[in-house]
Amino acid sequence: MNTELLHGDLCPLYHRPLTLRITATVRSAQSDYPTRIDTVPHCDHCADDVARAQKWAGLMLARYES
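Residues numbered from 1 in each chain as written. Predicted model: local features only at pLDDT ≥ 70, side-chain atom pairs only at ≥ 80, totals over all residues. Heavy atoms only, no water.

### A few points about the pairing of strand E1 (residues 19-27)
Just so we agree on the cut-off: Two strands are counted as paired when DSSP detects at least two bridges linking them. Numbering of helices and strands runs from the N terminus; a helix is a DSSP stretch of H or I covering at least four residues, while a strand is a stretch of E covering at least two.
The pairing of E1 with strand E2 (residues 34-42) spans eight bridges and is antiparallel. Residue pairing for E2: Thr-19 is matched across the bridge by His-42. Between E1 and E2, which pair antiparallel in sequence order, lie six residues.

### Regarding the pattern of salt bridges
Just so we agree on the cut-off: When a carboxyl oxygen of Asp or Glu is within 4 Å of a side-chain nitrogen of Lys or Arg, the pair counts as a salt bridge. Each residue gets one of three labels from its accessible area relative to the maximum for its type: buried under 20%, exposed over 50%, partly exposed in between, using a 1.4 Å probe on protein chains only.
By the definition in use, this model includes one salt bridge. Close ionic contact of Asp-38 with Arg-36 constitutes a salt bridge, the shortest N to O distance being 2.9 Å. Residue classification places Arg-36 among the partly exposed positions, given a relative accessible area of 45%.

### Comments concerning the environment of Tyr-14
Secondary-structure assignment places Tyr-14 in the segment before E1. The spacing of Tyr-14 and Cys-43 is 29 residues in sequence and 8.9 Å in space, taken between C-alpha atoms.

### Here's the deal with the environment of Arg-52
Among the secondary structure elements, Arg-52 is positioned in helix H2 (residues 50-65). Along the chain, Arg-52 and Leu-13 lie 39 residues apart, while their C-alpha atoms are 8.7 Å from each other.

Spelled out as structure tokens, the structure:
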């Protein structure tokens, strides 16, 4: 997955650009670097409010399931 802005993809609630937020970093004992980094699309404005975040997640799920 691309770690830059999601080009052309806007927040469904506020039409602001989405970025990728890191949700998990997996490291191996034999490596100095992460072996895997999991990310999800993220809107800074919606992530701060729980009720808004739930509505946002539902809209994003509907967008990518169809």
